[in-house]
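Structural characterization, general
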Amino acid sequence: MSVDLFGSLALLYFGNALLTDGATVLVGPRGRRLLARFRGFRLGILAGGLGFFTGSGTGLTLLGRALHQAGVLGAYEAALLALGGTLGATAVVALVGLGNRPLAFTALALALLLEVLLRAKGSPLARVLFGLGLLFLGIGLAQEKAMSLSPWLMESPLAIHFTIGLVLGFLIGSANLVALLATSLQALGLDALGTSALILGGGVGCTGPLLVHPTLPSLRLALVLGIHRLLVAGLFLWVPWHFSALATHVVYHFLALVSFPALYPSLWRMASTLYPLRHDVAPRYLRPEALKDPPLAQALALRELSRIGDTTRGMLAKTVEALSRDAGTEDLLMALEDKVDRLSREVLLYISALPQENKTLILMKAASELEHMADLVKRMLRKAQRLWDQGITFSPEGRKELTNLSALILERLDAALTALATSNAALAERTLAERRTFREALEASREAHLARLKSREETRASTLTHLDLLLLLEEIDEGIGRIGDLVCELHNSRPIRS
């Protein structure tokens, strides 16, 4: 594939991004409010309308993933959101097929005029016009530059066409861009079966965005969607359809949407077998029937909070170990972070069903605090990993200081979590009173680091990361203090502040 063809694909990619970004801003708020009112297959139909107006199947796919991970949508409805959105977004291919160079330059000129006049507002309409202009221009260039590729494709088997579409769809994350390329090749004489195979590969490959930074819910969702789309694509390849590129694109995604309800139960059982929900990730104490007895439900939520705290503590322990070895990766914390996120959401949703009294709000604050603390711990290891990936390590003194301070924070976190789990106000007050000792150790580390900075080359290389880690440790300590305050509030005890 020539560099010129890659350039024309870049125009299509950037034009599609601008078009969907601008259209999503124009339609987004109203569209999200509509989504909140629909469930079941009707959600897929509504998603088709939103995909039509925004041109973004990928955006709705990622929205479905986010809502599924947050527990707002089940996997069935998240998948319908993706399938419906992708079907509606096929309208972009039909729209681009109407374009030509005069229209392209007209759209670009209007976009520039709007951008100049409304620069301060960052007009989404201007982005839509810029996107249309680049798409119109890109499809014309792609048709010209694809000539070098068409003779090879004419002689290639359908499996090659399908694989090319699959890889492009996966990497680009857009079935529309693959369909636009197929439209260009069809204009140069690629037969209907070859064009269909390319488009179907792109239709399966566009599931790829669900696998960026995968979690257990997104892996299951990607597996269900990917296999479903593959089955529908197999039907198309098995039956000798003879459609135009646009018709193949639309009919394929239509069949994927309407056939999904019938196939979903089997697909979900398979995904659940391959990626079972780990027992330790599921809530253990949140019993729905206990919501009728608020004091009991609060006690159960407190027990679940203890599990979140233990998991956060485990993340910090792994980070302390990595700092002591001057080696480690963020992947060490992924499973624990998923557990913290899931349990935190479950606790917050459970607590939200209780009467809005002081103790309920305190438990809600504690859940949010522990989740935030876990994020800070992950940021610590991420910053250290970036340094190690460059082949840079901390000085021996710096590594020892960071390890000791992290270990001290670990001890303080243990005490605060024990106070929370046992509702021990005296232990919480002691944790608050010891805050001054940690702050003094933190300031001593900063002063020692600045002294080394004047003469140590390795200290200069790692100074920004070292100081960032000290700031994160300070933030974690402040979170520990807030946990202590919350325990004291639970007992109407006056917190000790230093």
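Because the structure is predicted, anything quoted here is derived from the model rather than measured.

On to the overall build of the protein, then. Counting secondary structure elements, the protein contains 21 helices and 0 strands. Across the 498 residues in the protein, those meeting the buried criterion constitute 49%. Within the protein, residue pairs in contact and separated by at least 24 positions form 80% of the contacts whose partners lie at least 6 positions apart.

Let's shift gears to the confidence of the model for the protein. Residue-level pLDDT values for the protein average 78, and 81% of them are 70 or greater. Below a pLDDT of 50 lies the segment residues 493–498, which in the model reaches 14 contacts outside its immediate sequence neighbourhood of four places, other chains included.

Moving on to the environment of Thr58. Along the chain, Thr58 falls in helix H3 (residues 57–69). For Thr58, a relative accessible area of 28% gives the class partly exposed. Along the sequence, Thr58 and Ala89 sit 31 residues apart, while their C-alpha atoms lie 9.0 Å from each other. Those residues in contact with Thr58, other than ones at most four positions away along the chain, are Gly173, Ser174 and Pro209.

In this section: the environment of Ser184. Locating Ser184 in the fold gives a position in helix H10 (residues 175–187). You can call Ser184 buried: its relative accessible area is 0%. Sequence separation between Ser184 and Ala245 is 61 residues; the distance between their C-alpha atoms is 9.2 Å.

What follows covers the pattern of salt bridges. In this structure the tally under the stated criterion is 10 salt bridges. The shortest N-O distance in the salt bridge between Lys378 and Glu337 comes to 2.8 Å. Highlighted residues: Lys378 in helix H17 (residues 358–389) and Glu337 in helix H16 (residues 334–352), separated in sequence by 41 residues. Note on Glu337: relative accessible area 12%, which makes it buried. When salt bridges with common partners are traced through the structure, they connect Glu443, Arg446 and Glu474 into a single cluster.

This next bit is on the packing of aromatic side chains. For the structure on display, the rule yields 4 aromatic pairs. Relative to Phe260, the ring of Tyr76 lies with its centre 5.8 Å away and its plane at 15°, an arrangement referred to as stacked. Of this pair, Tyr76 sits in helix H4 (residues 75–89) while Phe260 is found in helix H14 (residues 260–274), placing the two residues 184 residues apart along the sequence. Phe260 sits in the buried class, given a relative accessible area of 0%. Judged by centre distance (5.5 Å) and plane angle (50°), the rings of Phe260 and Tyr264 are tilted. Separated by 4 residues within a single helix, Phe260 and Tyr264 lie in helix H14, roughly one turn from each other. Grouped by ring-pair contacts, the aromatic residues Tyr76, Phe260, Tyr264 and Trp268 constitute a single cluster.

Here helix H11 (residues 192–205) contains 14 residues, and its C-alpha end-to-end distance of 20 Å stays within 8% of the 20 Å for a straight helix at 1.5 Å per residue. For H11, a buried count of 12 out of 14 residues is recorded, marking the element as mostly surrounded by other parts of the structure. Turning to H11, its buried residues number three or more, namely Gly194, Thr195, Ser196, Ala197, Leu198, Ile199, Leu200, Gly201, Gly202, Gly203, Val204 and Gly205.

The rules behind these values
- Residues numbered from 1 in each chain as written.
- Predicted model: local features only at pLDDT ≥ 70, side-chain atom pairs only at ≥ 80, totals over all residues.
- Heavy atoms only, no water.
- Helix = DSSP H or I, 4+ residues; strand = E, 2+ residues; numbered from the N terminus.
- Buried < 20%, exposed > 50% of the residue type's maximum accessible area, 1.4 Å probe, protein only.
- Contact = heavy atoms within 4.5 Å.
- pLDDT = per-residue confidence, 0-100.
- Salt bridge = Lys/Arg side-chain N within 4 Å of Asp/Glu carboxyl O.
- Phe/Tyr/Trp six-rings, centres within 6.5 Å; stacked < 30°, edge-to-face > 60°.
- Expected span 1.5 Å × (residues − 1).

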